[in-house]
Amino acid sequence: GAAKLVRRLQETSTKKVPGLFQDLSKGNRLGMYLLEHNVHNYNMGKDIRIYRTEGLINHELKKMTESMGTCYKKICLLSSMPTTVSDISSGILGGVIYVLTAVAAVLGYISIGSVVICADSIRNVLGTWSELFICLGEFSVLRSRLGYTEELFSMAAEEEAATKQQ
């Protein structure tokens, strides 16, 4: 049950996070354009003062910063949920294993001294399987993000090549 939930959360992250990164990239490009061509450009300072556009520029930069903050929060939430759910379910499962092993010892199926050894062994086996599935799911999430990162790097390389040709 917990493995299916974690896998579903990972699939949701795989689908949604690349789009959030794309939104971040758009906001970042627009913000950098405003800063580079308007705010940090000495010649534009005169136009900003004459036309009194500082309020408009500040408003747009603040709006972009807020939307990017929202995207970062969504990315963090989507990225952390599978691991959090896995950790919680592992803790619950570990507690259940110790209780069941203690019950088995009380009923006489195993000796009292071997409760910890049996419980740890069972917990380690189940924990290893759980970690394997988490790692496989995280690999698919990271692979989905890699495509967008490669696209961003190729855009920078194309811009660099175009600048050199000019």
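Scroll up for the structure.
Notes on the structure in this doc start here. Everything numeric in this text was worked out from a predicted model, so none of it was measured. (Residues numbered from 1 in each chain as written. Predicted model: local features only at pLDDT ≥ 70, side-chain atom pairs only at ≥ 80, totals over all residues. Heavy atoms only, no water.)

### Here we look at the layout of surface pockets
Thinking step 1. Size it by volume and the largest pocket reaches roughly 500 Å³.
Thinking step 2. As for the largest pocket, its lining consists of 23 residues, of which Ser90, Leu126, Trp129, Ser130 and Glu131 are closest to the centre.
Thinking step 3. Where the lining of the largest pocket is concerned, the elements lending two or more residues are α1 (2–39), α3 (54–106) and α4 (115–165).
Thinking step 4. Considering every element that reaches the lining of the largest pocket, the biggest residue donor is α4, with 11 residues.
Thinking step 5. Taken together, the residues of the lining of the largest pocket sort by class into 10 nonpolar, 10 polar and three charged. (1 Å grid on protein atoms, 1.4 Å probe; cavity = no way out; pocket = protein on both sides within 12 Å on 5 of 7 lines; lining within 4 Å. Points joined across faces, edges and corners; volume = space filled by probe spheres on them. Helix = DSSP H or I, 4+ residues; strand = E, 2+ residues; numbered from the N terminus. Nonpolar A, V, L, I, M, F, W, Y, C, P; charged D, E, K, R; others polar.)

### So, a nonpolar patch on the surface
Thinking step 1. On the surface, Val125, Trp129, Leu132, Phe133 and Leu136 cluster together into a nonpolar patch covering about 510 Å² of accessible area.
Thinking step 2. With respect to the helices and strands, Leu136 occurs in helix α4. (Patch = residues over 30% accessible without salt bridge, like charges linked within 9 Å, V, L, I, M, F, W, Y side chains within 5 Å. Areas by Shrake-Rupley, 256 points an atom, 1.4 Å probe, with all protein chains shown as cover. Salt bridge = Lys/Arg side-chain N within 4 Å of Asp/Glu carboxyl O.)

### Details of the nonpolar core
Thinking step 1. Formed by Val17, Leu20, Leu24, Met68, Cys71, Ile75 and Leu78, the largest nonpolar core amounts to seven residues.
Thinking step 2. Elements supplying a minimum of two residues to this core: α1 and α3.
Thinking step 3. With four residues, the top contributor of residues to this core is α3. (Core = buried A, V, L, I, M, F, W, Y, C linked by side-chain atoms within 4.5 Å. Buried < 20%, exposed > 50% of the residue type's maximum accessible area, 1.4 Å probe, protein only.)

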